[in-house]
Amino acid sequence: MYNLIRQIIAIIILPSIIWAQQIFFCRGYTESGEPIDLFIGNKIPINQSFVILLRTSRDEIDNNIIFISIQKSEARFDQNNFNKMLRPDKNKNWIAFNHKISEEGIYTISFSDFNKKKLASSTLRIEKSQSKKVDITQPGYFTPDLRIVFCERVVNGVPDGVLEKISLFKTNGEAYIYLINNMPLKSNKLLVNIWRKKTPDSPYDEFIDTKKFAINYEWYDTFFRYRFEKKGEYKINFFNEKELLLKTAYITVDN
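Note that this is a predicted model, so its numbers are computed, not measured.

## Side note on the sheet that holds strand β13 (residues 174-180)
The pairing of strands in a sheet happens through backbone hydrogen bonds and is either parallel or antiparallel.
Move 1: Within the open sheet, the 4 strands sit side by side as β11-β10-β13-β16. Their pairing is antiparallel. Each edge of the open sheet carries a strand with a single partner, namely β11 (158-162) and β16 (221-227). Direction aside, neighbouring strands of the sheet carry axes that sit 55° apart on average.
Move 2: With 5 bridges connecting them, strand β10 (residues 147-155) and β13 associate as antiparallel partners.

## With respect to the nonpolar core
As a rule of thumb, nonpolar side chains are buried together in soluble globular proteins.
Move 1: Counting residues in each nonpolar core, the largest one holds 25 residues, and the members touching the most others are Phe150, Ile177, Phe224, Phe228, Ile236 and Phe238.
Move 2: Mapped onto this core, the elements with two or more residues apiece are β10, β13, β14 (189-196), β16, β17 (232-239) and β18 (245-254).
Move 3: Residues contacting Phe238, with those up to four places away along its chain left out, are Ile148, Ile177, Leu179, Leu190, Leu191, Val192, Phe224, Leu244, Leu245, Leu246, Lys247 and Ala249.
Move 4: Ranked by size, the runner-up nonpolar core spans 21 residues in total, among them Ile70, Ile101, Phe111 and Leu124.

## Regarding the pattern of salt bridges
Where charged atoms from two side chains of opposite charge approach closely, those side chains can pair.
Move 1: In this structure the tally under the stated criterion is 10 salt bridges.
Move 2: A salt bridge links Lys72 to Glu103; its shortest N-O distance comes to 3.2 Å. With Lys72 in strand β5 (residues 66-72) and Glu103 in the loop between β7 (94-99) and β8 (105-112), this pair connects stretches of sequence that are 31 residues apart.
Move 3: In this structure Glu103 comes out as partly exposed when scored by relative accessible area, which is 36%.
Move 4: Residue Glu229 pairs with Arg227 through a salt bridge whose shortest N-O separation is 3.6 Å.
Move 5: Using a relative accessible area of 63% as the deciding quantity, one classes Glu229 as exposed.
Move 6: Here Arg227 falls in the partly exposed class, since its relative accessible area comes to 36%.

## With respect to the packing of aromatic side chains
Move 1: The final tally for this structure, using the stated rule, is 8 aromatic pairs.
Move 2: Aromatic pair Trp195 and Phe207: ring centres 5.2 Å apart, planes at 70°, arrangement edge-to-face. Of this pair, Trp195 sits in strand β14 while Phe207 sits in strand β15 (residues 206-214), and the two are 12 residues apart along the sequence.
Move 3: On the accessibility criterion, Trp195 (27% relative accessible area) is partly exposed.
Move 4: Positioned over the ring face of Phe67 is Lys116, at 3.9 Å from the centre of the ring.

Here is what the cut-offs are and how they apply
- Residue positions within a chain follow its written sequence, with the count starting from 1.
- Reporting of local features is limited, given that this is a predicted model, to residues whose pLDDT is at least 70; pairs of side-chain atoms are given and counted only at 80 or more, and all residues count toward the totals for whole chains, interfaces and linings.
- Heavy atoms from the whole structure form the basis of all side-chain values; hydrogens and water molecules are not counted.
- Strand pairing requires that DSSP identify at least two bridges connecting the strands.
- Labels follow the DSSP assignment, with helices taken as runs of H or I lasting at least four residues and strands as runs of E lasting at least two, numbered in each case from the N terminus.
- Whenever a helix is involved, its axis is fitted only over the stretch in contact; in every case the axis is a line through C-alpha atoms, and angles between N-to-C directions fall within 0 to 180 degrees.
- Buried Ala, Val, Leu, Ile, Met, Phe, Trp, Tyr and Cys residues form a nonpolar core when they are joined through side-chain atoms within 4.5 Å.
- Relative accessible area decides the class of each residue, using a 1.4 Å probe on protein chains only: under 20% of the type maximum gives buried, over 50% gives exposed, and in between gives partly exposed.
- For this analysis, residues touch if any pair of their heavy atoms sits within 4.5 Å.
- Whenever a carboxyl oxygen of Asp or Glu lies within 4 Å of a side-chain nitrogen of Lys or Arg, that contact is scored as a salt bridge.
- When the centres of two rings from Phe, Tyr and Trp lie within 6.5 Å, Trp using its six-membered ring, the rings pair. Their planes under 30 degrees apart give stacked, over 60 give edge-to-face, and anything left gives tilted.
- Whether a charge sits over a ring depends on NZ of Lys or CZ of Arg being within 6 Å of the ring centre and within 35 degrees of the ring normal.

Dropping the structure here:
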C-alpha cells in the first residue's frame, strides 16, 4: 500500500519537474537560447535594456501563442503594467523578449498560455544605476577603442581574474572573452571567428570555430564563454552584424 501511494505521488509531481519552465534576466543570449550575462539577484539598473528569457525543459514550446505580463508591485495605475502577445519559434524550447523599464520598483514577470494558464513567473528589482569603473591594465593588444579581455569569470559585468594565457589543465581550456568599448557597439549581433597556428612558425591557417551572439545595439560591452580544446596560438576576429571587422585579439593556450 505504501509503495502504491509513493507511485501515485510520483505520477502527480513528476510532470511539473520534467516540464519545468524557467525565466532568466540577462543582457543577451546565444543562438541556442543560453543566457549571456545574467543580472545578479535579478537587479537591473533603471532604463537598462535587458532580455527576459523563458526556457522549458521540453524539446520545444508547445504553445503557438504566449502572453507576457509585467506588473509593478503596488502600482496605482494601469500604465505601470505591460502585456504583450508573443509567438514562439517552432522547434525551439525558449523564447526571448527585449524590454526596458524607466521606473524604479519591484516587478513581477509572468508568462501564460492562450487560456491564461500561468507557465512561469519571477520578480525583478529596477533600481538606480551605480557607476562602475572597469580597470583593465593588461596585454598590449588593447587599443584606445574596443578592448578584449580574457578572464576566469565576469562578476556584475566586470571581468575578474584576467588571463594572459589559458590553461588546459587548470581551467579545462575555458575562459570568458569580454569586450568593452568607449561608445556603444552599434550592432545587434557579434560574429566571432577563431583561427589557430598549425605549427609555431606557420600563419593562423587552421580554422577552428565561428560563433554568433545576439547583443543590444546600445551596449558598450558584452562577453561570452568559450572552451579551447587544443594548445597553441590563437587569433580571434570580432565582427559586427555587417561583417565589418571590429577587432582582432590573440591568446596562447598551453597545458
